[in-house]
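Topology and contacts: notes
Chain by chain, the residues:
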Amino acid sequence: FQEGNVLTRLIIINIVVWLAVKIWLLILFLFSFNTEGFLLGSFIQWLAVPANLSVLVFRPWTLITYMFLHEDFFHILFNMLWLYWFGKIFLEYLNGKKLLSTYVLGGISGAFLYILSFNIFPVFSEIQPFSFALGASASVLAIVIAISTYVPNYTIYLMFLGPVKIKYIAIFSVLLDLLSIQSSNPGG
């Protein structure tokens, strides 16, 4: 951890937090606590960002903690893979300080966009009081968009597709996120 760069540290922090939460929930399970109720009822909600403004007022730290919290293995796996791949490109052109600030500010911006959306759009009114967001998706997408804006014609080679400019990957990612608003996870 001490010898790694900012990208390595961000990935390690995300993995350590995920493992700590999973181990804590395993301990609760082994001692016959209702982990599902505990998971949804308190522990995760103390770290995940709520859509409900009256809850957020008493949990302002969640604007930061939610971006290091992941639900399951595939959730963290895909976020960390994207963070690694695009973080490596980011560090080719910009420094670690900018990567860290993009990660944190992107996460905070994602939290505000999530909270704003769930409080403005009527479609979310029924789920808004008990909705919360978690994961590094907003932070990772901020890095993807930032480096795609900085070097839009940077080309990567994708299996089955061949050479693709990262600006198209960024556009596709944003469109995919917008189209998934109607899914069962609109906050994501």
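In what follows, the accompanying structure is described. (Residues numbered from 1 in each chain as written. Predicted model: local features only at pLDDT ≥ 70, side-chain atom pairs only at ≥ 80, totals over all residues. Heavy atoms only, no water.)

**Topic: the overall build of the chain**
For the chain, the helix and strand inventory stands at 8 helices and 4 strands. Secondary structure elements in the chain, listed N-terminal to C-terminal, are α-α-β-α-α-α-α-β-α-β-β-α. Each of the three principal axes of the chain carries a C-alpha extent, and together these read 50 × 45 × 35 Å. Taking all 188 residues of the chain together, 36% fall into the buried category. A sequence separation of at least 24 residues applies to 66% of the contacts in the chain between residues at least 6 apart. Accessible surface computed for the chain: about 11400 Å², of which carbon and sulfur atoms make up 71%. Of the side chains in the chain, 8 bear a positive and 7 a negative charge, and the two mean positions are spaced by 15 Å. (Helix = DSSP H or I, 4+ residues; strand = E, 2+ residues; numbered from the N terminus. Buried < 20%, exposed > 50% of the residue type's maximum accessible area, 1.4 Å probe, protein only. Contact = heavy atoms within 4.5 Å. Areas by Shrake-Rupley, 256 points an atom, 1.4 Å probe, with all protein chains shown as cover. Lys, Arg positive; Asp, Glu negative; His and termini not counted. Charge placed at Lys NZ, Arg CZ, Asp CG, Glu CD.)

**Let's talk about helix α5 (residues 73-93)**
Compared with an ideal rise of 1.5 Å per residue, which puts 21 residues at 30 Å, α5 spans 30 Å between its outermost C-alpha atoms and is within 8% of the ideal. Those residues of α5 lying buried are Ile76, Asn79, Met80, Leu83, Phe86, Gly87, Ile89 and Phe90. Sitting at the amino-terminal end of α5 is Asp72, which places a side-chain oxygen 3.3 Å from the backbone nitrogen of Phe74. (Expected span 1.5 Å × (residues − 1). Polar contact = N/O pair within 3.5 Å; in protein donor to acceptor, adjacent residues only side chain to side chain.)

**Overview of the packing of aromatic side chains**
Within this structure, the stated rule accounts for 10 aromatic pairs. With a centroid separation of 5.5 Å and an interplanar angle of 40°, the aromatic rings of Phe68 and Tyr103 are classed as tilted. Of this pair, Phe68 sits in the loop between α4 (62-65) and α5 while Tyr103 sits in helix α6 (residues 96-120), and the two are 35 residues apart along the sequence. When sorted by exposure, Phe68 lands in the same class as Tyr103, which is buried. Between Tyr114 and Phe118, the aromatic rings sit 4.7 Å apart at their centres with planes inclined by 45°, giving tilted as the arrangement. In this pair, Tyr114 and Phe118 both sit in helix α6, 4 residues apart, roughly one turn of the helix. Ring pairs connect the aromatic residues Trp18, Phe73, Phe74 and Phe78, which therefore count as one cluster. Sitting above the plane of the Trp46 ring, Arg59 keeps its charged end 4.6 Å from the centroid. (Phe/Tyr/Trp six-rings, centres within 6.5 Å; stacked < 30°, edge-to-face > 60°. Lys NZ or Arg CZ within 6 Å of the ring centre and 35° of its normal.)

**Comments concerning the pairing of strand β4 (residues 162-165)**
Looking at chain direction, strand β3 (residues 155-158) and β4 are connected through 4 bridges and run antiparallel. Paired with Thr155 across the two strands is Lys165, which belongs to β4. Connecting the antiparallel pair β3 and β4 is a turn made up of 3 residues, with Phe160 showing a positive phi of about 75°. (Pairing = 2+ DSSP bridges.)

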